[in-house]
Amino acid sequence: MKFSEYIILDKQGGSVDPLGFLRPSGVLKDMLFKQFTVLANHPAYHGFLACAYQFLSRRNITPAQKSFAREFRNLEIFWGILNTRAGQSILNVTKYNGLVQDNLISLAKIRGSHPIFYRLNYGTLGHYSRPSISWGILDKEGTKLTELGKKLADAYEFREGINLIKWLERWYSKEEFELEEILKVATAFRLNASPSQDEQNIWQEIISEYCQRNPHVKVLWDNPIKQDDLGAIQADEKSYIGFFPKLIEKYNNLKDKIELIRMFESLSALVQFVFEREYLTCQYEGKNSLLPPDDLEKRVAQSLQLLAADYCKLQGPDAKKLFRTLSDISGYAHIAKAVMDHHVTHQNSKKASPFIKDGQLLIKDKVDKDRFTVFWEKLSGEVDEEAQIALINFQYRRDWHFWRAILYHDYSRGNI
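Note that the structure is a prediction, hence the values are computed from the model and not measured.

### Quick word on unusual backbone geometry
In this structure, aspartate 17 takes a positive phi of about 55° despite not being glycine. With respect to the secondary-structure elements, aspartate 17 resides in the segment before α1 (22-33). At aspartate 358, a residue that is not glycine, the phi angle is positive and equals roughly 50°. Tracing the backbone through its elements, the reader meets aspartate 358 in the loop between β5 (356-357) and β6 (360-361).

And the structure:
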């Protein structure tokens, strides 16, 4: 037995979101794209979800029953195998890869203890139910399909003359297939296959009705950003400076919301920089430690304090009053202490161990030293304060769902 000065095993999920930014960033994302999450990445999942709901409801299997998630997964396995057979990456793809090693596949051949059944909430049902409610595909309780959901299920069922429901019925009855036999089905229903015209029409109706319920975001769908344009303004730190100004120029009616998002992103980026710097300084103290605070850190601290004060005046969502605290203090040492104290408080609230507490490292290797050092040296090489802040903002930029909106918009028009 070996003893360590570090906490080796951390509570599952304790390493995620060590500064508590998920909740406030989620509030801000919902102002523009409530129907998206970071895992709701492709509209085809909604089509399959609608099909599966309809298939099971016809057998009187509903979300009110404990067996629903397991029965849903029984169907999802077939769709997962189709995508794996077509070479598509999909949720649980590693587990699906293991199921196509044998040429003969059948639901009956998958033992009940197979890992594919371990986390039923990790997959289409868990990741796409809430977004489907927001889109209006499921009812508010997520218990049944809406009329739009039924239309989507009917439209998704048929592609290239192939009826997915008929194949699901055969799979569900535990019929055995050869992998070669399902190749045409896999090609038609793979994740990146073009939707049928009926499915495109339904998605246009889904988007239109969503905009009627949320008129302030209608402009995002009537005049979407082009993929090339979005890529150009996110290419590097210099182009990224124009990201939010160009959004405001394009969507002026959303100016206040976009400005709040911009300020939050910059605040969270500066805090993340301070946190990673302090963590690594602690871990490598006496061993290639980082330099003590210099002009760069002073500039970061000053920018943080001023930005936090402006942000709090607009009453943007906070992370356990962190920004309010930062708006009232100055100097890098005080700022850094407030950030690290906040980390401890946030981790304790999750009943998870802090990474670092009172200058003592508790969980090691939570920040990539080599990556940060390269970034820090690049920062130190910049003499202009605005360029330094722009580099930090770019390094810690966040996903605001615009890429997903482009995909869903293009999917509804068959441009995929």
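### Observations concerning the nonpolar core
Nonpolar side chains in soluble globular proteins generally cluster together in the buried interior. Among the nonpolar cores identified, the biggest contains 135 residues, and Phe273 and Phe402 are the most heavily contacted of them. The dominant element in this core, judged by the number of residues it contributes, is helix α14 (residues 255-283), at 15 residues. Apart from the residues lying within four places of it in its own chain, the contact partners of phenylalanine 273 are Leu296, Glu297, Val300, Phe372, Phe375, Trp376, Leu379, Ile392 and Tyr396.

### Observations regarding the packing of helix α13 (residues 243-250) against α14
Working note: a packed helix pair is described by the angle between its axes plus the distance between those axes. It is at 9 Å that the axes of α13 and α14 come closest, and there the two elements cross at 170°. With respect to α14, the axis of α13 lies roughly antiparallel. Residue-level inspection shows Phe244, Leu247 and Ile248 of α13 in contact with α14, the latter providing Lys255, Ile258, Glu259, Ile261, Arg262 and Glu265. When grouped by side-chain class, the residues that make up the contact of α13 with α14 number five nonpolar, no polar and four charged.

### Structural notes on the pattern of salt bridges
Counting across every chain of the model gives 17 salt bridges. Its salt-bridge partner being arginine 59, residue glutamate 169 comes within 3.9 Å of it at the nearest N-O pair. Placement of glutamate 169 in helix α7 (residues 164-172) and of arginine 59 in the loop between α2 (43-57) and α3 (68-85) is noted, with a sequence separation of 110 residues between them. With relative accessibility at 31%, the residue glutamate 169 sits in the partly exposed group. Glutamate 76 is the salt-bridge partner of arginine 73, the closest N and O atoms lying 2.9 Å from each other. You can see arginine 73 and its partner glutamate 76 sitting in helix α3, three residues apart, about one turn around the helix. You'll find arginine 73 and glutamate 76 in the same group, each marked buried. Residues joined in a network through salt bridges with shared partners are Arg170, Glu175 and Glu181.

### Here we look at the side chain of histidine 42
Residue position: histidine 42 is located in the loop between α1 and α2. Here alanine 44 takes part through its backbone nitrogen, which lies 3.1 Å from a polar atom of the side chain of histidine 42.

### Looking at the packing of aromatic side chains
Aromatic ring pairs are reported here in terms of the distance separating the ring centres and the angle at which the planes meet. For the coordinates displayed, the defined rule picks out 40 aromatic pairs. Ring geometry for tyrosine 279 and phenylalanine 355: centres 6.3 Å apart, planes at 75°, overall edge-to-face. One end of the pair, tyrosine 279, is in helix α14; the other, phenylalanine 355, is in the loop between α17 (332-349) and β5, with 76 residues separating them in the sequence. Taking the relative accessible area as the measure of exposure, tyrosine 279 reaches 0% and is therefore buried. Taking the relative accessible area as the measure of exposure, phenylalanine 355 reaches 2% and is therefore buried. Here a set of aromatic residues connected by ring pairs shows up, and it is made of Phe33, Phe36, Trp135, Trp203, Tyr210, Trp221, Tyr240, Phe243, Phe244, Phe394, Phe402 and Tyr408.

Each value, and the rule that gives it
- Residues numbered from 1 in each chain as written.
- Predicted model: local features only at pLDDT ≥ 70, side-chain atom pairs only at ≥ 80, totals over all residues.
- Heavy atoms only, no water.
- Helix = DSSP H or I, 4+ residues; strand = E, 2+ residues; numbered from the N terminus.
- Core = buried A, V, L, I, M, F, W, Y, C linked by side-chain atoms within 4.5 Å.
- Buried < 20%, exposed > 50% of the residue type's maximum accessible area, 1.4 Å probe, protein only.
- Contact = heavy atoms within 4.5 Å.
- Axes fitted to C-alpha atoms, helices over the stretch in contact; angles between N-to-C directions.
- Parallel < 35°, antiparallel > 145°, perpendicular 65-115°, else oblique.
- Nonpolar A, V, L, I, M, F, W, Y, C, P; charged D, E, K, R; others polar.
- Salt bridge = Lys/Arg side-chain N within 4 Å of Asp/Glu carboxyl O.
- Polar contact = N/O pair within 3.5 Å; in protein donor to acceptor, adjacent residues only side chain to side chain.
- Phe/Tyr/Trp six-rings, centres within 6.5 Å; stacked < 30°, edge-to-face > 60°.

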